[in-house]
Amino acid sequence: MINTFLRENTWAAGILTVLRVYLGWSWMTAGWGKITGGFDAGGYLNNALANPVADKATGAAVYPTYNAFIEGVALPNVGMINFLIPWGEFLVGLGLIVGCLTTAAMFFGLMMNFMFMFAGTVSTNPWMVLIGTIILAAGANAGKYGADYYVLPYLRKVTNFGLKKDVNTDVA
């Protein structure tokens, strides 16, 4: 019932538009601040590795695979991370504001939110995850009042991902 409301209701599309633009603005301004203000993730990554999220009872790292990712992938490629995070945040925000490829933008936004939370940064991330999950669950209806209204039908037509049956595949 809730999924049907989120995915098909016009009122839900309007509410989702407000949530999408709010979240998009948050992402875009965060990314733009990093793009224009100089961003270096090295200190953040080193701190996340030195002070991992730990179980209070045992002191063991809660996300050892994420810590291995930081140590083995992110830190050796910090230059790429310094490019991907600011531009990723900015483009996720732009996609959400414009309503273009909304579900893809929200998916990548949620991935970044979870990466920040795995590193121990709570901040606004849980709130953004909650709103983002609602937007992602709504699917195409979240971009109904945006560029997705035009882009998604075009992509379905061009890529043949639509549900049309190909008449040439019928066997007599």
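Every value quoted in this text rests on a predicted model; they were computed, and no experiment measured them.

Asker: Tell me what's going on with unusual backbone geometry, and back it up with residues and numbers.
Answerer: In this model, leucine 101 sits at a positive phi of 55 degrees, which is unusual for a non-glycine residue. A positive phi angle, near 45 degrees, is found at serine 123, a position not held by glycine. The residue serine 123 is located in the loop between helix H6 (102-118) and helix H7 (125-138) in this model. On the accessibility criterion, serine 123 (61% relative accessible area) is exposed.

Asker: Can you lay out the pattern of salt bridges for me, pointing to particular residues and giving the numbers?
Answerer: Summed over all chains, the structure comprises one salt bridge. Its salt-bridge partner being glutamate 89, residue lysine 34 comes within 3.0 Å of it at the nearest N-O pair. Pair noted here: lysine 34 is in helix H2 (residues 10-37) and glutamate 89 is in helix H5 (residues 78-98), with a separation of 55 residues, a long-range link.

Asker: Just give me the short version of the nonpolar core, but keep the residues and values in it.
Answerer: A general feature of soluble globular proteins is that nonpolar side chains tend to end up buried together. Counting 27 residues, the largest nonpolar core has Leu16, Leu23, Trp27, Leu96, Met106 and Ile135 as its most contacted members. Among the elements of the structure, H2, helix H3 (42-50), helix H4 (64-74), H5, H6 and H7 are those that each provide at least two residues to this core. Each residue touching leucine 23, except ones within four places of it in the same chain, is listed here: Leu96, Met106, Met128, Ile131, Gly132 and Ile135.

Asker: Help me get a handle on the packing of aromatic side chains, residues and values and all.
Answerer: The description of an aromatic ring pair rests on the distance of the ring centres and on the angle between the ring planes. According to the stated counting rule, one finds eight aromatic pairs in the structure shown. Where tyrosine 63 meets phenylalanine 118, the ring centres are 4.7 Å apart and the plane angle is 50 degrees; that geometry is what we call tilted. Taken together, the positions of tyrosine 63 in the loop between H3 and H4 and phenylalanine 118 in helix H6 put the pair 55 residues apart, joining distant regions of the chain. Its relative accessible area of 30% is what places tyrosine 63 among the partly exposed residues. Aromatic side chains phenylalanine 107 and phenylalanine 108 sit 5.1 Å apart centroid to centroid with 75 degrees between the ring planes, which places their arrangement in the edge-to-face category. Exposure remark for phenylalanine 107: the relative accessible area of 39% places this residue in the partly exposed category. An aromatic cluster is built from Tyr63, Tyr66, Phe69, Phe114 and Phe118, whose rings are joined through pairwise contacts.

Asker: Let's hear about the environment of alanine 104: which residues, and what values?
Answerer: By the secondary structure assignment, alanine 104 is in helix H6. Along the backbone, alanine 104 and threonine 121 are 17 residues apart, and their C-alpha atoms lie at a distance of 23 Å.

Procedures and definitions
- Residues numbered from 1 in each chain as written.
- Predicted model: local features only at pLDDT ≥ 70, side-chain atom pairs only at ≥ 80, totals over all residues.
- Heavy atoms only, no water.
- Helix = DSSP H or I, 4+ residues; strand = E, 2+ residues; numbered from the N terminus.
- Buried < 20%, exposed > 50% of the residue type's maximum accessible area, 1.4 Å probe, protein only.
- Salt bridge = Lys/Arg side-chain N within 4 Å of Asp/Glu carboxyl O.
- Core = buried A, V, L, I, M, F, W, Y, C linked by side-chain atoms within 4.5 Å.
- Contact = heavy atoms within 4.5 Å.
- Phe/Tyr/Trp six-rings, centres within 6.5 Å; stacked < 30°, edge-to-face > 60°.

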